[in-house]
Structure formats: C-alpha cells, structure tokens
Amino acid sequence: MSNIDEINIELQHMQQQMLVYLRKHWKLFLTEGIIFIVLGISAIVIPQVFTVAIVLFLGWIILFGGIVHISRALFFWQMPGFWLWLFMGLLQLVIGFLFIANPIAGILTLTMLMALFFALEGITKISLALMMRPLTNWGFMLFSGITALVFALIIWLGWPETANWLLGLFLGINMVFLGWSLVKISLHHKESL
C-alpha cells in the first residue's frame, strides 16, 4: 500500500468520525452558529464600539497577565530565569497599559494583527472545508475561508485609514459567515438522522 493510499484511508476515517460527531452533536453546532450570528450582527451595527472594546478588553487581559508574571517572579525570586520572567511580566504590563491608555494606537496595531488572523483563519477554514468535502454543505465552510482571506487583503490595502471601524465590522461579518455555515451544517445533519 502506498503512502497516498494510507493518507486517503486515514482521511476517509477522519471524515467518518467527523460525520458521526456532527450527527450526534448537531444541536451544539446549531447553538454555536446562532451565537456567532447574533454577535456578528451586533459588531456590524456598531463596529466602532466593538473595535474599541476589543482593544480595551485585550489591554486589560495583557495588563493582568503582566501583574501575575511579575508577582510570581517576585515571589519565586530565586527561581532560574527570574529576570526573564520579570522582563516578560513588565513587557505585558507596559503593553497592556498602552492599549488601555491609548486605544487608537492599539487599534492600529490590532488591525494589522487582525489581517494576519484573517489570513491564517482563512487558510484553516479552507483546509477544514477540503477535509469535509464529501460531506453535504462543505462549500459553506470553504466560502467562509475565502471570505476571511479577502478580509485580510482589504485590511492590508486600507490600513490605517479604516482601522477605527474596520476591525469591528470585519469581525462581525466573519462571525456571521461562520455562524451561518455552522447553522447550515448542523441543520443538515439533524435532518440526516
């Protein structure tokens, strides 16, 4: 048996496992899809609020992470790598504070990171769609992946002028497409029981 045959057998096995899981847990995928659609519509309606909220939320998370790292480093000051742990904590503390103190700069930074996120997410969704390809409605996941790649390109081309609202808007649109694909897939597998 060749390597290609082994890969095809393993891929078919994985697809069969995915089909069993989708049929068994279709309600979970449906609920997740609806949640993504609601969050996505909210972000589309008020993208500026979501953009600032994303930066502030992330700023607080990074700030608290820095406090935890610094506290642990000071508590275990004899631990090997003390200065590296302390440096990492101070770096997180500063970055978190800067995001909170100047969300506009954070928005610009995060918008560029979001372009990277959409590019990687698009590649991942397309890969998942190709793995699901024999299953019904696999094209919705493919469409969602292509959409994410297009968003990455638009962010890159429009940056920095559109950063204040684009982050929230694209996140919302991306969530709607993901939610829609999950709803379609879950409802199909509900019907196929």
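See the structure above.
Residues numbered from 1 in each chain as written. Predicted model: local features only at pLDDT ≥ 70, side-chain atom pairs only at ≥ 80, totals over all residues. Heavy atoms only, no water.

Trainee: What should I look at first to understand helix α1 (residues 3-24) in this one?
Mentor: Residues separated by three or four positions in an α-helix point in the same direction, a consequence of the helix having 3.6 residues per turn. For α1, which comprises 22 residues, the first-to-last C-alpha distance of 32 Å matches the rise-based estimate of 32 Å (1.5 Å per residue) to within 8%. Of all the residues in α1, the buried ones are Gln15, Leu19 and Leu22. Seen end-on, α1 carries its buried residues on one side only, within an arc spanning 70°. Looking at α1, the residues exposed on the side facing more than 90 degrees away from the buried face are Asn3, Glu10 and Lys24. (Helix = DSSP H or I, 4+ residues; strand = E, 2+ residues; numbered from the N terminus. Expected span 1.5 Å × (residues − 1). Buried < 20%, exposed > 50% of the residue type's maximum accessible area, 1.4 Å probe, protein only. Arc of directions from axis to C-beta.)

Trainee: It is not clear to me how a nonpolar patch on the surface should be interpreted in this structure. Could you clarify?
Mentor: Taken together, the side chains of Phe87, Leu91, Val94, Ile95, Phe97 and Leu98 make up a nonpolar region of the molecular surface, amounting to roughly 570 Å² of accessible area. Tracing the sequence through the fold places Ile95 in helix α4 (residues 82-101). (Patch = residues over 30% accessible without salt bridge, like charges linked within 9 Å, V, L, I, M, F, W, Y side chains within 5 Å. Areas by Shrake-Rupley, 256 points an atom, 1.4 Å probe, with all protein chains shown as cover. Salt bridge = Lys/Arg side-chain N within 4 Å of Asp/Glu carboxyl O.)

Trainee: Explanation requested: the pattern of salt bridges in the structure shown.
Mentor: Working definition: two side chains of opposite charge can pair if their charged atoms are close together. One pass over the structure, following the stated rule, counts one salt bridge. The residue Glu121 makes a salt bridge to Lys125 at a minimum N-O spacing of 3.5 Å. One end of the pair is Glu121 and the other is Lys125, both in helix α5 (residues 103-132) and four residues apart, which spans about a single turn. Pair check on accessibility: Glu121 and Lys125 agree, each one buried.

Trainee: What should I look at first to understand helix α3 (residues 47-75) in this one?
Mentor: Across its 29 residues, α3 extends 42 Å between first and last C-alpha, which sits within 8% of the 42 Å expected from 1.5 Å per residue. Among the residues of α3, Pro47, Thr51, Val55, Gly59, Leu63, Gly66, His69, Ile70 and Ala73 are the ones counted as buried.

Trainee: Hey, could you run me through the environment of Ile104 in this one?
Mentor: Residue position: Ile104 is located in helix α5. For the pair Ile104 and Phe87, spaced 17 residues apart in sequence, the C-alpha to C-alpha distance is 25 Å.

Trainee: In this structure, what is going on with the environment of Ile34? I would like to understand it.
Mentor: Structurally, Ile34 can be placed in helix α2 (residues 26-45). Given the relative accessible area of 43%, Ile34 is considered partly exposed. In this structure, the C-alpha to C-alpha distance between Ile34 and Val20, residues 14 residues apart in sequence, is 21 Å.

Purely spatial values, then, with no claim about function.
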